Amino acid sequence: MPSNHVIYDNYVLENKIEDMLNTMLNVRNFMTIDNSLAANAGMKKMIHRYDYEGQVERLAMGAGNTVSGKVTFTEEEYEVAVAQQNFAYYDEQAMKDPMVIEVGLKGAAVTMVNDMNNQFFAELEKATIQQPIAGEALCYDDIVDAISLMQVENNVGGVTVENENGLFLLVGTDIKAQIRKDEDFKRANQGEILFSGQVGSICDIPVVHSRMVPEGTAYLLTREAVTLFVKQESEVEQERQANIRRNDVYLRKVNLCALTDATKLVKIKKA
């Protein structure tokens, strides 16, 4: 049977819909989208996160290396699951209060979005590179130090140049307040909005706010850090049991989020 709905009597003049979003952030903007799973059979994805360990040796004439570099990786298995949600209502409920349908469909859609957001932020928590916040609050220097830990160099015409265009900083409510007091942030051009949820820029890097970022934490990353592997795009399916006047709406998606490049993610956190 469907869950009990809160039904307003007809004499109620105003309906109040609570904010059911845990974040307004559209996290698909901050991930690489990979559709390869849709073209291949199987529901599992093996993720290898690679690193290299080596040592440069200065050798005398006739001497050779004593240490050999090696590639290492950590392996993690992800399983794709069908994420589905059902919302049901009867004709009589909709007749008594049309807001049942409006609020129900909005709530179902938001819950699906929140599920995606939870996956994304769970992968960010796996960051292997960390930058401590030196003082009482996050400041310009902390972000500069975090950038220095990332591999953001490009080879252009044989010359190595810094490429920070793809970086962005995800912050929570507390750090958003802190950086808004930072003089470098105040001097930055805050008029250009590049991302949904952007509150400005610091160190020429967009600052994006989400309530899902833990307190005392910020994430510096590029889209390459986390990948969304899509097996099947989101879909909505409806069915009706005419005899009992019941309507069922199913929301469904088949995908997974995975941290695929840990070198493109720095977790900035209070020491």
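The following paragraphs examine the structure supplied in this document. (Residues numbered from 1 in each chain as written. Predicted model: local features only at pLDDT ≥ 70, side-chain atom pairs only at ≥ 80, totals over all residues. Heavy atoms only, no water.)

1. Observations concerning the side chain of Ser210
(1) Moving on: With respect to the helices, strands and loops of the structure, Ser210 is situated in the loop between strand E10 (205-209) and strand E11 (217-221).
(2) Moving on: Judged by relative accessible area, Ser210 falls into the buried class, the value being 0%.
(3) Moving on: At 3.1 Å, the side chain of Ser210 and the backbone nitrogen of Met212 are in polar contact. (Helix = DSSP H or I, 4+ residues; strand = E, 2+ residues; numbered from the N terminus. Buried < 20%, exposed > 50% of the residue type's maximum accessible area, 1.4 Å probe, protein only. Polar contact = N/O pair within 3.5 Å; in protein donor to acceptor, adjacent residues only side chain to side chain.)

2. Observations concerning the pattern of salt bridges
(1) Moving on: Inspection of every chain in the model, using the stated rule, returns 12 salt bridges.
(2) Moving on: Notably, a salt bridge pairs Asp115 with Lys253, separated by 2.7 Å at the nearest N-O pair. On the criterion of sequence distance, the pair formed by Asp115 in helix H2 (residues 99-124) and Lys253 in strand E13 (residues 246-259) is long-range, its members being 138 residues apart.
(3) Moving on: One salt bridge connects Lys267 with Glu125, and the closest N-O pair in it is separated by 3.1 Å. With Lys267 in strand E14 (residues 265-270) and Glu125 in the loop between H2 and strand E5 (129-133), this pair connects stretches of sequence that are 142 residues apart.
(4) Moving on: Taking relative accessible area as the criterion, Lys267 reaches 8% and is therefore assigned buried.
(5) Moving on: Given the relative accessible area of 39%, Glu125 is considered partly exposed.
(6) Moving on: Overlapping salt bridges, with partners in common, bring together Glu76, Glu123 and Lys126 in one network. (Salt bridge = Lys/Arg side-chain N within 4 Å of Asp/Glu carboxyl O.)

3. Notes on the nonpolar core
(1) Moving on: In this structure, Phe120, Phe121, Leu124, Leu170 and Leu221 are the most contacted members of the largest nonpolar core, which totals 24 residues.
(2) Moving on: The set of elements that each furnish at least two residues to this core consists of H2, strand E8 (168-171), E11, strand E12 (226-241) and E13.
(3) Moving on: Here this core gets four residues from one element, more than from any other, and that element is H2.
(4) Moving on: Excluding anything up to four places from it in sequence, Phe121 contacts Leu25, Val27, Leu170, Ser210, Met212, Val213 and Tyr219.
(5) Moving on: Membership of the second largest hydrophobic core comes to 20 residues, among which are Ile133, Met150, Leu169 and Leu220. (Core = buried A, V, L, I, M, F, W, Y, C linked by side-chain atoms within 4.5 Å. Contact = heavy atoms within 4.5 Å.)

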